[in-house]
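Notes for the structure review
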Amino acid sequence: MIHGTDPQLLDGFKQAMRRVASTVNVITICVRGEPMGITATAMSSLSVDPPSLLVCINRTASMHASIADVTHFGVNVLHTDQAHLAQMFADRAKQELRFASGWQLDCERPPRLADAQASLLCRRIDHHQFGTHSIFIGVVENERVRGEVDPLLYLNGQYGRAHFTRE
Ligand SMILES: Cc1cc2nc3c(=O)[nH]c(=O)nc-3n(C[C@H](O)[C@H](O)[C@H](O)COP(=O)(O)O)c2cc1C
């Protein structure tokens, strides 16, 4: 896929993206009783009416083939103290451990992280394949937020937290 792209442009693009701060999210689905999840920073709100968002999932991710088979996916926005979950859901060797604790699993719905900053239940309504990834669009049907605003952030290849000062 990178075939044909100028390596200098590619490097510049990566350097540019290192300067883009993101929240860290665990996208979840439940397929035939099996919970699946992936760490993803590529999540964005899309429209307010209807309330909707999009997530970008790599075609090599194990959930990619299955997300097309489910009606709903979950977006769990991680709290600043949940970097260990971000690491686990990005480590293929830890697939079996991912839902060991902290998750509400009934498998009629996508797994929901009890202590997430925010959990959004989304009806998957559309998808679009582009390059290495697919974009999945979800309409939000249910949300739950946790008290204070203190999400885990990812910037310049590192996890961190927001620190705003007033002028
Ligand atoms: C901080 C961070 C952000 C990531 N963001 C995305 C993303 O937006 N989309 C994606 O497909 N993979 C993303 N990944 C990679 C996946 O989490 C990783 O490849 C994961 O192991 C795939 O799930 P699997 O092991 O079940 O295949 C990210 C990884 C990290 C550490």
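Here, every reference points to the structure presented above.
Residues numbered from 1 in each chain as written. Predicted model: local features only at pLDDT ≥ 70, side-chain atom pairs only at ≥ 80, totals over all residues.

From N to C terminus, the chain includes 3 helices and 12 strands. The C-alpha radius of gyration computed for the chain amounts to 16 Å, which stays within 12% of the reference 15 Å derived for 167 residues, consistent with globular compactness. On the principal axes, the C-alpha backbone points of the chain span a range of 45 × 45 × 40 Å. Across the 167 residues that make up the chain, the buried fraction comes to 23%. Of all intrachain contacts in the chain linking residues separated by at least 6 positions in sequence, the fraction that spans at least 24 positions is 64%. (Helix = DSSP H or I, 4+ residues; strand = E, 2+ residues; numbered from the N terminus. Rg over C-alpha atoms; globule rule 2.2 N^0.38 Å. Buried ≥ 20, exposed ≤ 12 C-beta atoms within 10 Å, placed from the backbone. Contact = placed C-beta atoms within 7 Å.)

Neighbouring residues of the ligand: 18 residues in total, closest Ala40, Ala42, Asn58, Ser62 and Ala90. Breaking the shell around the ligand down by element, the ones donating at least two residues are strand E3 (34–40) and strand E5 (51–58). When its residues are assigned to classes, the shell around the ligand shows 12 nonpolar, 5 polar and 1 charged. (Near = placed C-beta within 6 Å. Nonpolar A, V, L, I, M, F, W, Y, C, P; charged D, E, K, R; others polar.)

Locating glutamate 96 in the fold gives a position in the loop between helix H3 (83–88) and strand E7 (103–104). Sequence separation between glutamate 96 and methionine 36 is 60 residues; the distance between their C-alpha atoms is 9.7 Å.

Another point: the sheet that holds strand E11 (residues 153–155). Read across the sheet, 3 strands follow the order E1-E11-E12 without closing on themselves; strand pairing throughout is antiparallel. The outermost strands of the open sheet, each flanked by one partner alone, are strand E1 (22–23) and strand E12 (158–160). Pairing of E1 with E11 involves 2 bridges; the strand directions are antiparallel. Counterpart to threonine 23 in the pairing with E11 is leucine 153. (Pairing = 2+ DSSP bridges.)

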